[in-house]
Amino acid sequence: MTRSGGALTAVPTSWLSADEPPITLPRDPAREAARRELSKGMYHENDPSWYERAQDAFWDWLDKVFGAASTATPGGTLGLVIIVLAVLALLGALWWRLGTPRRAPASSAVLFDDRPRSAAEHRAAAEAQAARGHWNQAVQERMRAVVRSLEERALLDVRPGRTADEAASEAGSVLPTHADRLHTAARDFDDVTYGGRTADEGTYRRLASLDTDLERTKPALASSTPSTTSTARHTRPGAAE
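Summary of the structure given here. Just so it is clear, the model here is predicted, and its values are computed rather than measured. (Residues numbered from 1 in each chain as written. Predicted model: local features only at pLDDT ≥ 70, side-chain atom pairs only at ≥ 80, totals over all residues. Heavy atoms only, no water.)

**Quick notes on the pattern of salt bridges**
Spelled out, the test is: Whenever a carboxyl oxygen of Asp or Glu lies within 4 Å of a side-chain nitrogen of Lys or Arg, that contact is scored as a salt bridge. Secondary structure counts use DSSP, requiring at least four H or I residues in a row for a helix and at least two E residues in a row for a strand, with both numbered from the N terminus. Only protein chains enter the accessibility calculation, which uses a 1.4 Å probe; a residue whose area is less than 20% of its type maximum is buried, one above 50% is exposed, and one in between is partly exposed.
This model, assessed by the stated rule, comprises 17 salt bridges. Here Glu127 makes a salt bridge to Arg142, at a shortest N to O gap of 3.0 Å. Of the two residues, Glu127 sits in helix α4 (residues 119-131) while Arg142 sits in helix α5 (residues 135-152), which places them 15 residues apart along the sequence. For Glu127, a relative accessible area of 37% puts it in the partly exposed group. Note that Glu151 and Arg148 form a salt bridge whose closest N and O atoms lie 2.6 Å from each other. Here Arg148 and Glu151 lie together in helix α5, a separation of three residues that amounts to about one turn. A relative accessible area of 8% means that Glu151 is categorised as buried. Within the structure, one salt-bridge network assembled from shared partners comprises Arg148, Glu151, Asp157, Arg159, Arg162, Glu166 and Glu170.

See below:
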């Protein structure tokens, strides 16, 4: 093109000198024009979503990991599969043998809250929870009834903050025939209170039976020291023994 009288006129390319370079669009404007064109939504309607991209990236990474592992494992891919199956079988055997992992009690559970209640009140609360099938709460209330009953009978001193384990140990010393059952009851109380376990009807009925038996049991009294003045056998000299 040439300017003539202030206007642009087209000049045929055949008129241009062979020494003049051809007219081209600069690189940066061309790149920007292409970017604007390709950014239009019509070009991205079928693009994968972010979830699909993330999933593809994960499977690509997993494929690389298994590829590297199979290369380093004797027997290649088959050897890797055998190792994975062996590990899964071992984990299954441990799960079957040991059962579901359970969280250990974080600390010993304190038996009573700030509001004092009688043994009869704790028993009534336990029976109400049991009637609704709330076995955890029923076990907790029945254990409180057991300890409160021993306090009311003066077999245990009234002590705020006492734990179930402490109560079982102290009560077992005065009621030795029930020491093992008292420790089992304390463990059940701790398990449902802080151990994350779930009690069942059998656990509650066992504790209720212990409560009933303790009511009928008399404490073991300290044995008295044998008298040193007991009657001794005296024999006369020369008498037949």
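**Concerning the packing of aromatic side chains**
The condition that has to hold: To pair, rings of Phe, Tyr and Trp, with the six-membered ring standing in for Trp, must have centres within 6.5 Å; the planes then decide the type, stacked if under 30 degrees apart, edge-to-face if over 60, and tilted in the middle.
Applying the stated criterion across every chain, the model contains four aromatic pairs. Taken together, a centroid distance of 5.3 Å and an interplanar angle of 65° make the contact between Phe58 and Trp59 edge-to-face. Owing to a relative accessible area of 48%, Trp59 belongs among the partly exposed residues under this scheme. For the pair Phe58 and Trp61, a centre-to-centre distance of 6.1 Å together with 35° between the ring planes defines the contact as tilted. With Phe58 and Trp61 both in helix α2 (residues 50-72) and three residues apart, this pair spans about one turn of that helix. Taken together through their ring pairs, the aromatic side chains of Phe58, Trp59 and Trp61 make up a single cluster.

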